[in-house]
Amino acid sequence: MRRPLIGLAILTLILGALAACGAPADTAASGAVQAGCTTARPLPAGDTDRSIVVGGRERSYLLHVPPGYRPTERTPLVLMFHGLGGDPRTVLESTEMGVMADKANAILAVPLGRGKPSQWHFRSPTSNPRSDLAFVRALVKQLKKDACVDSSRTYAAGFSNGSALTLALACDASTQFAAYAAVSGPYYEPQCAEAPPASIVYFHGTADTTVPFKGANTVIGHLPPVNDIMSQWAKHDRCPSDGATTRATSTVRHFAWAGCEDGTSVEIYAVVGGVHGWPGGGPMSPGRTSRTKDSPVDATALIWKFFAQHPAGGQ
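### A closer look at the packing of helix α3 (residues 97-104) against helix α7 (residues 299-309)
Then, number 1: Two numbers describe how α3 lies on α7: the axes approach to 10 Å, and their chain directions differ by 35°. Regarding α3 and α7, the two cross each other, and that crossing is right-handed. Within the contact between the two elements, α3 uses Met 97, Met 100, Ala 101 and Ala 104 and α7 uses Thr 300, Ala 301 and Trp 304.
Then, number 2: Of the residues that constitute the contact of α3 with α7, the class distribution is six nonpolar, one polar and no charged.

### Description of the pattern of salt bridges
Then, number 1: Enumeration according to the criterion identifies eight salt bridges in this entry.
Then, number 2: Between Arg 50 and Asp 146 there is a salt bridge, with its nearest N and O atoms 3.0 Å apart. One end of the pair, Arg 50, is in strand β1 (residues 46-54); the other, Asp 146, is in helix α4 (residues 132-146), and 96 residues separate them in sequence.
Then, number 3: For Glu 73, the salt bridge goes to Arg 70, with nearest N and O atoms at 3.3 Å.
Then, number 4: The exposure class assigned to Glu 73 is buried, which follows from its relative accessible area of 16%.
Then, number 5: One salt-bridge network, held together by shared partners, links Asp 47, Asp 49 and Arg 89.

### Observations concerning the pairing of strand β4 (residues 107-111)
Along any regular strand the residues' side chains alternate between the sheet's two faces.
Then, number 1: The buried count for β4 comes to five of five residues, which makes it a mostly enclosed element.
Then, number 2: Of the two faces of β4, the one holding Ile 107, Ala 109 and Pro 111 and the one holding Leu 108 and Val 110 are both buried throughout.
Then, number 3: Inspection of the sheet shows strand β2 (residues 57-65) paired to β4 by four bridges, in the antiparallel sense. Bridge pairing in β4 places Leu 63 opposite Ala 109.
Then, number 4: Note: strand β3 (residues 75-81) against β4, three bridges, orientation parallel. Bridging from a neighbouring strand, Leu 79 pairs with Ala 109 of β4.

### Remarks on the state of the cysteines
Then, number 1: One pass over the full model with this rule turns up three disulfides.
Then, number 2: Each sulfur of the disulfide joining Cys 37 and Cys 148 lies 2.1 Å from the other. Between Cys 37 and Cys 148 the disulfide shows an S-S torsion of about 105°. By sign, it is right-handed. With Cys 37 in the loop between α1 (8-19) and β1 and Cys 148 in the loop between α4 and β5 (149-159), this residue pair connects regions lying 111 residues apart in the sequence.
Then, number 3: You can call Cys 37 buried: its relative accessible area is 6%.
Then, number 4: With relative accessibility at 0%, the residue Cys 148 sits in the buried group.
Then, number 5: A sulfur-sulfur distance of 2.2 Å marks the disulfide that ties Cys 171 to Cys 192.

Cut-off values and rules
Residues numbered from 1 in each chain as written. Predicted model: local features only at pLDDT ≥ 70, side-chain atom pairs only at ≥ 80, totals over all residues. Heavy atoms only, no water. Axes fitted to C-alpha atoms, helices over the stretch in contact; angles between N-to-C directions. Helix = DSSP H or I, 4+ residues; strand = E, 2+ residues; numbered from the N terminus. Left-handed = near helix turned anticlockwise from the far one by under 90°. Contact = heavy atoms within 4.5 Å. Nonpolar A, V, L, I, M, F, W, Y, C, P; charged D, E, K, R; others polar. Salt bridge = Lys/Arg side-chain N within 4 Å of Asp/Glu carboxyl O. Buried < 20%, exposed > 50% of the residue type's maximum accessible area, 1.4 Å probe, protein only. Pairing = 2+ DSSP bridges. Disulfide = S-S within 2.5 Å.

Functional significance is not addressed by these values, which are geometric in nature.
Following this line, the structure appears as structure tokens:
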């Protein structure tokens, strides 16, 4: 059973903040919400398998539309990326991201990687029209045509291989997201220095042997120590040293940098003894068992909280 780290009262505030994005412009605070769509963009509620051709390849994704979606009201959009060998429906079931999207009245898009096992080639640049970064850019552009999307509340989240892709998107920045959530897959490389500041929340188990917390060569390439990578993101965001806080218990270490450039922030949840998985969630690949279901951290709830706190100007 999932044991939330945050209480029901806070969760209600999270959902209310995200849901407010869909409110008519005249009821929102000045400048807080985009004007509604002049042309209605209806979508069926629930899960729909869809595809898009990018770089001459057909790519597929699952689109989850909340029952409260309204065709002319700006709605938050979250893209969720699975790990190596994962698939969209398993991710939805294991993370309950779809349940949270319904409560927050947000659209959720869950793309499928390429190959067998399915994977993301996160180091291939957007300049390559067949790259996964180019696919994400094209997908977001298409979703903004198909749905009434709030560009100031468009977010990216991912697990493991999909986590590395999520941080590569923050590094590339040709697709603008308001904030990023990454689980069990650190990434920062020299070219990231050219990217704008990015709000990032990150989760990793200290006993992870698939992607070791202290860094190692993995099946998706060499990944440095988590603390080094996230410190680089904090430095990248020009976070002030006096804005850093640490909370530690026997089960969770929470590091946070606030007051960073352009209102960004960086947070890390290190789950003591945690293994490779989605904290508080089920198995992330078909046929696997979960050893993180009873985690003291509920990554899904904390991610939505972080997203609610970080709207930004989108493309």
